[in-house]
Amino acid sequence: MSLDLSPSPLANPRATEPAPAALCHAHKFGGSSLATVERFRGATSLLGDAGTPRIAVVSAMHGVTDALTALAQSALANRPWQDELAQLHERHSAVARGLDAEDVHGVAPWLDSEFAALHALLAQPSRKPEWFAAIQGAGEVWSSRLLLAALGGHAAGWTALDARDVLEVHASELGVGVDWPRSRSKLAVWRSVNPSPNLVITGFIARDGKGAATTLGRNGSDYSAAIFAVLFDAAELTIWTDVDGVLSADPRLVPDAVCLESMSYAEACELAYFGAKVLHPQTMAPAMQAGLPIRIRNTLRPEAPGTLITGRSLPAASPVKGLSLVADMALLELTGAGLIGVPGTAERMFAALHTACVSVTMISQGSSEHSICCVLRADQAERGRMAVQAAFRDAIADGQVEGVHITPDIAVLAAVGDGMVGTTGVSARLFAGLAQARVNIRAIAQGASERNISIAVSAEDATRGLRAAHAAFWLSPQTLSVGVIGPGNVGRALLAQLAQAAPRYSGIGPSGLDLRLRAVANSRRMHLAPRRLDPDEAVGALEAGEPLDFARFAAHVRAEHLPHAMIVDCSGSDAVAAHYAEWLAAGIHVVTPNKQAGAGPLERYRAIRAATRHGGHFRYEASVGAGLPVIQTLRNQLDTGDALTEVEGVFSGTLAWLFNKFDGSVRFSQLVAEARALGYTEPDPRDDLSGMDVARKLVILAREAGCELSLEDVEIESLVPEALRGVSREEFLARLHELDAPLHARLDAARREGRALRYLARLSIPDEAGAGRACVGLVSPEPGHASLHSQLTDNLIQFRTRRYASNPLVVQGPGAGPEVTAAGVFGDILAIAQALGARP
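Residues numbered from 1 in each chain as written. Predicted model: local features only at pLDDT ≥ 70, side-chain atom pairs only at ≥ 80, totals over all residues. Heavy atoms only, no water.

A separate point is the overall build of the protein. Of regular secondary structure, the protein possesses 31 helices and 31 strands. Against the 2.2 N^0.38 benchmark of 28 Å for 840 residues, the protein shows a C-alpha radius of gyration of 37 Å, more extended than a compact globule. Counting only C-alpha atoms and orienting by the principal axes, one finds that the protein spans roughly 125 × 75 × 50 Å. Considering only intrachain contacts with a sequence separation of at least 6, the fraction spanning at least 24 residues in the protein is 73%. Accessible surface computed for the protein: about 35,700 Å², of which carbon and sulfur atoms make up 52%. Put simply, the protein has 75 plus and 89 minus side-chain charges, and the middle of one group is 1 Å from the middle of the other. (Helix = DSSP H or I, 4+ residues; strand = E, 2+ residues; numbered from the N terminus. Rg over C-alpha atoms; globule rule 2.2 N^0.38 Å. Contact = heavy atoms within 4.5 Å. Areas by Shrake-Rupley, 256 points an atom, 1.4 Å probe, with all protein chains shown as cover. Lys, Arg positive; Asp, Glu negative; His and termini not counted. Charge placed at Lys NZ, Arg CZ, Asp CG, Glu CD.)

Okay, the sheet that holds strand E10 (residues 262-264) next. Read from one edge to the other, the open sheet built from 8 strands follows the order E3-E6-E2-E1-E9-E11-E12-E10, with strand pairing classed as mixed. In this open sheet, the two strands that pair with only one neighbour each are strand E3 (158-161) and E10. On average, each strand axis in the sheet is tilted by 20 degrees relative to the strand beside it, whichever way the strands run. Two strands pair when backbone bridges link them, and strand E2 (residues 54-58) and strand E6 (residues 198-202) are joined in this way by 4 bridges, in the parallel orientation. Within E6, the position partnered with Ile-55 by the bridge is Leu-199. Each of strand E1 (25-29), E2, E3, E6 and strand E9 (236-241) is contacted by helix H8 (residues 221-231), which is oriented at about 160 degrees to E2, the strand it contacts most. (Pairing = 2+ DSSP bridges. Axes fitted to C-alpha atoms, helices over the stretch in contact; angles between N-to-C directions.)

In this structure, Leu-634 sits in helix H24 (residues 630-639). In the structure, Leu-634 is positioned 188 residues away from Gln-446 in sequence and 48 Å away in space, judged by C-alpha atoms. When neighbours within four sequence positions are excluded, Leu-634 is seen to be in contact with Leu-644, Leu-701, Glu-704, Ala-705 and Phe-799.

The next point concerns the pairing of strand E12 (residues 307-310). Of the strand pairs in this sheet, E10 and E12 are connected by 3 bridges, and their pairing is parallel. Looking at E12, one finds that Ser-264 is bridged to Thr-310. Looking at chain direction, strand E11 (residues 294-298) and E12 are connected through 3 bridges and run antiparallel. Paired with Ile-296 across the bridge in E12 is Thr-307.

Another aspect to go through is the sheet that holds strand E14 (residues 360-365). Strand-to-strand pairing in sheets goes through backbone hydrogen bonds, with the strands running parallel or antiparallel. Read across the open sheet, the 6 strands follow the order E14-E15-E13-E16-E18-E17; overall the sheet is antiparallel. Each of the sheet's edge strands pairs with one partner strand only, and the pair in question is E14 and strand E17 (441-446). Here the strands of the sheet are splayed against their neighbours by 30 degrees on average, with no regard to which way each runs. Of the pairings in the sheet, the one linking E17 to strand E18 (residues 452-458) comprises 5 bridges and is antiparallel in character. Each residue of the ladder has a partner; that of Gln-446, found in E18, is Ile-453. Along the sheet, helix H15 (residues 462-474) contacts strand E13 (322-335), strand E16 (403-416) and E18; its crossing angle with E13, the most-contacted strand, is approximately 125 degrees.

What follows is about the packing of helix H2 (residues 64-76) against helix H5 (residues 129-136). In the contact formed by H2 and H5, the axes pass within 8 Å of each other and the chain directions differ by 140 degrees. As far as their axial angle goes, H5 and H2 are oblique. The way H2 lies across H5 gives a crossing that is right-handed. Residues Thr-65, Leu-68, Thr-69, Ala-72, Ala-75 and Leu-76 of H2 lie in contact with H5, whose contacting residues are Trp-131, Phe-132, Ile-135 and Gln-136. When the residues that make up the contact of H2 with H5 are grouped by side-chain class, the tally is 7 nonpolar, 3 polar and no charged. (Parallel < 35°, antiparallel > 145°, perpendicular 65-115°, else oblique. Left-handed = near helix turned anticlockwise from the far one by under 90°. Nonpolar A, V, L, I, M, F, W, Y, C, P; charged D, E, K, R; others polar.)

Moving on, we get to the pattern of salt bridges. Taken as a whole and judged by the stated rule, the model has 35 salt bridges. The residue Asp-379 makes a salt bridge to Arg-377 at a minimum N-O spacing of 2.9 Å. Measuring nitrogen to oxygen at the nearest pair gives 4.0 Å for the salt bridge that ties Glu-730 to Arg-729. A relative accessible area of 54% places Glu-730 in the exposed class. Salt bridges sharing partners connect three or more residues here, namely Glu-168, Arg-182 and Lys-186. (Salt bridge = Lys/Arg side-chain N within 4 Å of Asp/Glu carboxyl O. Buried < 20%, exposed > 50% of the residue type's maximum accessible area, 1.4 Å probe, protein only.)

Mean pLDDT over the protein works out to 88, with 93% of the residues at or above the 70 mark. Taken element by element, the predicted model of the protein shows its lowest mean pLDDT in helix H9 (residues 265-273) (80) and its highest in strand E24 (residues 589-591) (97). Across residues 1-22 the pLDDT falls below 50, and counting only partners more than four positions away or on other chains, this stretch makes 50 contacts in the model. (pLDDT = per-residue confidence, 0-100.)

Attention now goes to the packing of helix H4 (residues 107-123) against helix H6 (residues 138-150). Orientation of H4 relative to H6, taken along the N-to-C sense of each, is 180 degrees, at an axis distance of 11 Å. When the interaxial angle is binned, H4 and H6 end up roughly antiparallel. Residues Val-107, Trp-110, Leu-111, Glu-114, Phe-115 and Leu-118 of H4 form the contact with H6, whose participating residues are Val-141, Trp-142, Arg-145, Leu-146 and Ala-149. A per-class count over the contact of H4 with H6 returns 9 nonpolar, no polar and 2 charged.

Taken as a whole and judged by the stated rule, the model has 12 aromatic pairs. Grouping aromatic residues by their ring pairs yields a cluster made of Phe-550, Tyr-580, Trp-583, Phe-618 and Tyr-620. Directly above the aromatic system of Phe-392 lies the positively charged group of Arg-348, at a separation of 4.3 Å from the ring centroid. We note Arg-703 situated over the ring of Tyr-605; from NZ or CZ to the ring centre the distance is 5.0 Å. (Phe/Tyr/Trp six-rings, centres within 6.5 Å; stacked < 30°, edge-to-face > 60°. Lys NZ or Arg CZ within 6 Å of the ring centre and 35° of its normal.)

With respect to the helices and strands, the residue Ser-364 is situated in strand E14. At 3.1 Å, the side chain of Ser-364 and the backbone oxygen of Ile-444 are in polar contact. Among all residues touching Ser-364, those that are not within four sequence positions of it are Ile-372, Cys-373, Ala-443 and Ile-444. (Polar contact = N/O pair within 3.5 Å; in protein donor to acceptor, adjacent residues only side chain to side chain.)

A separate point is helix H16 (residues 489-501). In a regular helix each residue adds 1.5 Å, so 13 residues correspond to 18 Å; H16 covers 19 Å between its end C-alpha atoms and thus fits that length. Taken residue by residue, H16 has Val-490, Gly-491, Ala-493, Leu-494, Leu-495, Gln-497, Leu-498, Ala-499 and Ala-501 as its buried positions. Looking at the buried residues of H16, the elements they touch are strand E19 (478-485), strand E20 (513-521), helix H17 (538-541), strand E23 (564-569) and helix H31 (818-835). (Expected span 1.5 Å × (residues − 1).)

In this section: the nonpolar core. One finds Trp-583, Leu-658, Phe-659, Leu-689 and Phe-799 to be the most contacted residues of the largest nonpolar core, which totals 79 residues. Looking at this core, the element that brings in the most residues is helix H28 (residues 692-704), giving 7 residues. Those residues in contact with Phe-659, other than ones at most four positions away along the chain, are Phe-668, Leu-719, Leu-757, Arg-758, Tyr-759 and Leu-778. Grouped together as the second largest cluster of nonpolar side chains are 73 residues, Val-178, Val-254, Ile-294 and Val-320 included. (Core = buried A, V, L, I, M, F, W, Y, C linked by side-chain atoms within 4.5 Å.)

Below you can see the structure in the form of structure tokens.
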């Protein structure tokens, strides 16, 4: 009976030379690949290469080993376990009925016998390891018999091999080791009786040198598969699991994790020992010794090529092959001036940890030797601290050592890759990615092989650090997660431009820029896309969106797995502008044509400028001249040492168009209605006619030049009669004709002097005497003034500086319309991307 605890009858076989085995293909099926009747059937289809001898090493069905462990623990604790055993029996019986409804292979009575034997074992609990091992390993025995039935059994050329009949192992400090000579000998004897070319083999279980049942440790079926692949001289081992292969990082933590085409044994070992779940840490040892290729493939997607693991991996774009994270760690640090130059300190410290049975994950020591630290498991931290403190008790009492300190809640981030060897800049790239994500490094360790860099970070920063490190190597370094607020006229135009430019900025082309629209919001609702949102579908997505929450919106855009984040505010809302400082402080770049930030309360403006010190870029070029480089031109002069003395010009494309057209032949109200129909005005034309928009632009430029000007300091002439300022928009539009008489009178007065009307803004910078003025209003410029020669919606801004004193520097061009404004916003997006290293 397979649950028998007595020594195997083959424990002391006669000396026999192993017979040469035919070249075969080894397969291993994990628990997730054998979870249901359909999965068993799927496994049989994956073993279809009938022309080659095959061995299939199996795990227990998904969750069964945990259930068996719980049964054993309940039996030892004298808790009820019978109902759980019955459920486990029924689960396996149901699968047996699904695979062999007529019970041609006799699986049903065999299962009854197996569970009766297990019931007897549980009824007589024991503290002996072999008792526990026999119970834990029962799942693999059941799985092997079920798969054998699914494959057609002996009639189809398949035989079951209980690993305990041939595999002999021994425990060591480094894990479970294989007695290869005795295992080969036992296998030869077994094969002499069972020559079938195709075998279903139990994973996880074995016997020790005394013939007692044992296991290879949790997840040891991979190890079993590698062992048997070597024993059978297999050409390749395919491990079937529930992922496409070895991924660059845990996909549950890093959404952009990619499947690796190939890896070396060394890379796989490093990742396995640092917590990668696809491979058991010891699986590589037999494969490395025998040069056995291992391929990781997905049971559910057999068409995927998977990951091939061999002695040498194929060249890859990234020098780092994988990143893994080990949680629940602690940092133990020994410090003191008395450690400097004293030989044997490290030996003394680690001998104490060894005596206390404390495992060390990584070690770090500065060249000054003032301190030495190591990372160990959190559940061993206090035991380690007490052991080291006892070892250095005298030095601590003498003041030569300050003491032993434990820092809890630590995680170890490991970057692994053969391509790191001899490659410069790998550490810089890794650390820059962590810095971008604001992850503080507590300790660093790198071996001379250069294949692994291990970094200790705070547990609360671990996921963010893993995602940032992954982005540094697998994504475009200039991947921008973008959220757009305000899909009005300008916002829609911007989305259209983003859609048109998408092929150029997908991270594939020479620009190195990956613009990812991931969120969109209006004043009421928002839509958050998990990966990427098509700009053409963004506005429609809001219909099925959720209520607007600025905190959630910003947190989503600031995705930890993407290098950079940006919020583009096209709303014109003061409520949105109120969030700029907190977004910038969180490292989120902000781009906007919204004037509320640059011209709003001075304290808020100062907070926004101060927040940019945290790494977020703030660009608002389109808030003054739509697509014109007004702020950029001013900044170029100021940054090179020039000094601004005066700004003057036409700051409103709407008002420029109106007064370029207003010659008396058409009523002014009619021109306003026409401009509104063309989209040149705001929905409420009073926002343009009041002069407030122009005044805000003047304030923005003044502040850019270093003048702490507020809107209240600007003299503003409104073109809206007093009687129309407080009425509704609808009433104002109905009474537009009331603007005609006063403006026609102003036009007639100007014409009598041979002049025309223009709405101009003027700022004179205070000099040493304190003189200075900011004003906007309707004026009659002198003949020859540059504003009289502008066209349509042209903005025209004249800068007088110390260098351009007699002949001003002029910026002129279209200053109204959603397309040109959106183009100015897009230009700011690309300017930030360029500052981050892209080549747009």
